[in-house]
Amino acid sequence: MKLYGALASPFVARAILFAKIKGVELESVAARPSAPEYRAFNPIGKIPALEVDGQCIAESEVICEYIEDAHPTPSGLPDDAFGRAQSRMVSRVVDLYLSPAAGKFARQVNPETRDAEIVAAATADLEKVWTYLEHFMGEGPFAVGDTPTLGDCTLAPYMKMTEILVFNNFPEISNPTQSNPRLKIWWDAIQSDPIFGPTIEEYGMAFEQMMSYFQKK
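These figures come from a predicted structure and were not determined experimentally. (Residues numbered from 1 in each chain as written. Predicted model: local features only at pLDDT ≥ 70, side-chain atom pairs only at ≥ 80, totals over all residues. Heavy atoms only, no water.)

Peer 1: Where do I start with the nonpolar core in this structure?
Peer 2: A general trend in soluble globular proteins is that nonpolar side chains are found buried together. Leu 98, Phe 105, Trp 130, Leu 155 and Trp 186 are the most contacted members of the largest nonpolar core, which totals 60 residues. If you list the elements that add at least two residues to this core, you get α1 (10–22), β3 (49–52), α3 (60–70), α4 (81–103), α5 (116–136), α6 (150–167), α8 (181–192) and α9 (196–216). For this core, the element with the most residues is α6, which contributes 11 residues. Each residue touching Trp 186, except ones within four places of it in the same chain, is listed here: Met 137, Pro 141, Phe 142, Ala 143, Asp 152, Leu 155, Ala 156 and Met 159. (Core = buried A, V, L, I, M, F, W, Y, C linked by side-chain atoms within 4.5 Å. Buried < 20%, exposed > 50% of the residue type's maximum accessible area, 1.4 Å probe, protein only. Helix = DSSP H or I, 4+ residues; strand = E, 2+ residues; numbered from the N terminus. Contact = heavy atoms within 4.5 Å.)

Peer 1: Would you mind showing me how to read the packing of aromatic side chains here?
Peer 2: Each pair of aromatic rings is reported with the distance of its centres and the angle of its planes. Applying the stated criterion across every chain, the model contains eight aromatic pairs. Aromatic pair Tyr 4 and Tyr 38: ring centres 6.2 Å apart, planes at 55°, arrangement tilted. In this pair, Tyr 4 sits in strand β1 (residues 2–4) while Tyr 38 sits in helix α2 (residues 36–41), placing the two residues 34 residues apart along the sequence. Here Tyr 4 matches Tyr 38 in class, with each residue buried. (Phe/Tyr/Trp six-rings, centres within 6.5 Å; stacked < 30°, edge-to-face > 60°.)

Peer 1: Help me out: how do you make sense of the side chain of Asp 152 in this one?
Peer 2: Mapped onto the elements, Asp 152 comes out in helix α6. For the buried Asp 152, no salt bridge is present, and the opposite-charge side chain at shortest range is Arg 182, 7.0 Å distant. Excluding residues that lie within four positions of it along the chain, Asp 152 makes contacts with Phe 142, Ala 143, Thr 147, Pro 157, Trp 186, Ile 190 and Phe 196. (Lys, Arg positive; Asp, Glu negative; His and termini not counted. Salt bridge = Lys/Arg side-chain N within 4 Å of Asp/Glu carboxyl O.)

Peer 1: What's the story with the packing of α6 against α8 in this structure? I'm lost.
Peer 2: If you want to describe how two helices pack, look at the angle between their axes and the distance between the axes. It is the contact of α6 with α8, at a shortest axis distance of 11 Å, that shows an interaxial angle of 100°. Viewed along their axes, α6 and α8 adopt a mutual orientation that is roughly perpendicular. Of the residues in α8, those in contact with Asp 152, Leu 155, Ala 156, Met 159, Lys 160 and Glu 163 of α6 are Trp 186, Trp 187 and Ile 190. Taken together, the residues of the contact of α6 with α8 sort by class into six nonpolar, no polar and three charged. (Axes fitted to C-alpha atoms, helices over the stretch in contact; angles between N-to-C directions. Parallel < 35°, antiparallel > 145°, perpendicular 65-115°, else oblique. Nonpolar A, V, L, I, M, F, W, Y, C, P; charged D, E, K, R; others polar.)

Peer 1: What is the right way to read unusual backbone geometry from this model?
Peer 2: Residues apart from glycine generally show negative phi values, whereas peptide bonds are mostly found in trans. Between Ile 47 and Pro 48 the backbone carries a cis peptide bond, its omega angle lying at 5°. Located in the positive-phi region is Asp 53, a residue other than glycine, with phi close to 55°. Here Asp 53 is to be found in the loop between β3 and β4 (55–58). Among the residues examined, Asp 53 registers a relative accessible area of 77% and is labelled exposed. Phi at Glu 59 takes a positive value of approximately 70°, unusual for a residue other than glycine. Of note, Glu 59 is situated in the loop between β4 and α3.

Peer 1: What exactly am I supposed to notice about the sheet that holds β3 here?
Peer 2: The strands making up a sheet are joined through hydrogen bonds of the backbone, oriented either antiparallel or parallel. Sheet architecture is open: four strands sit in the order β2-β1-β3-β4, paired in mixed fashion. Looking at which strands have only one partner, the edges of the open sheet turn out to be β2 (27–29) and β4. If you compare each strand with its neighbour and ignore which way they point, the axes differ by 30° on average. Here β1 runs beside β3; their pairing, made up of three bridges, is antiparallel. Looking across to β3, one finds that Tyr 4 is bridged to Ala 49. Running at roughly 115° to β4, α3 makes contact with β1, β3 and β4 of the sheet. (Pairing = 2+ DSSP bridges.)

As structure tokens, this is what we get:
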């Protein structure tokens, strides 16, 4: 199986992490979403995309679902039905609430062009997200239980991205991995995990490089 995309994307990182916790080998292939050959393969034009026997599976969540279905052991979700729902809910909160809230800061990094009203509204949105995550997480130290699952694969890259994009540029905004006890326990577990720790560190470096490229434009 070939995974098209770049690690600087949190969506690509999600699929990579999910495959890793399941012991599934993916061949990483660089992709330029606007390239005609990539559009022919994935007309949606986003990354990642997974190639399976010449066929395209798009969207990171669907890619993870495919990997889970095609390689059910070991599971990338908790054993019990409620735990599985909790892990999926953490992933859903990231996609629906954390992603748009964090994304609002991308155009506010430069203090000279910063819009205080946008920053205030985005900060309020982030504060809500932390309460959502704390509410829907299961017992730790990971998102649900003592091993990483889908929710961790989705949340960890976004938390690293938010650290770089938001907390490093807006020090007045509280970092929940330091101030929220549940999220601090979770982040400590992520960073010390033999799979997540190095992968998230590598993702962070890739995201920082991408940020510096766009800041120069």
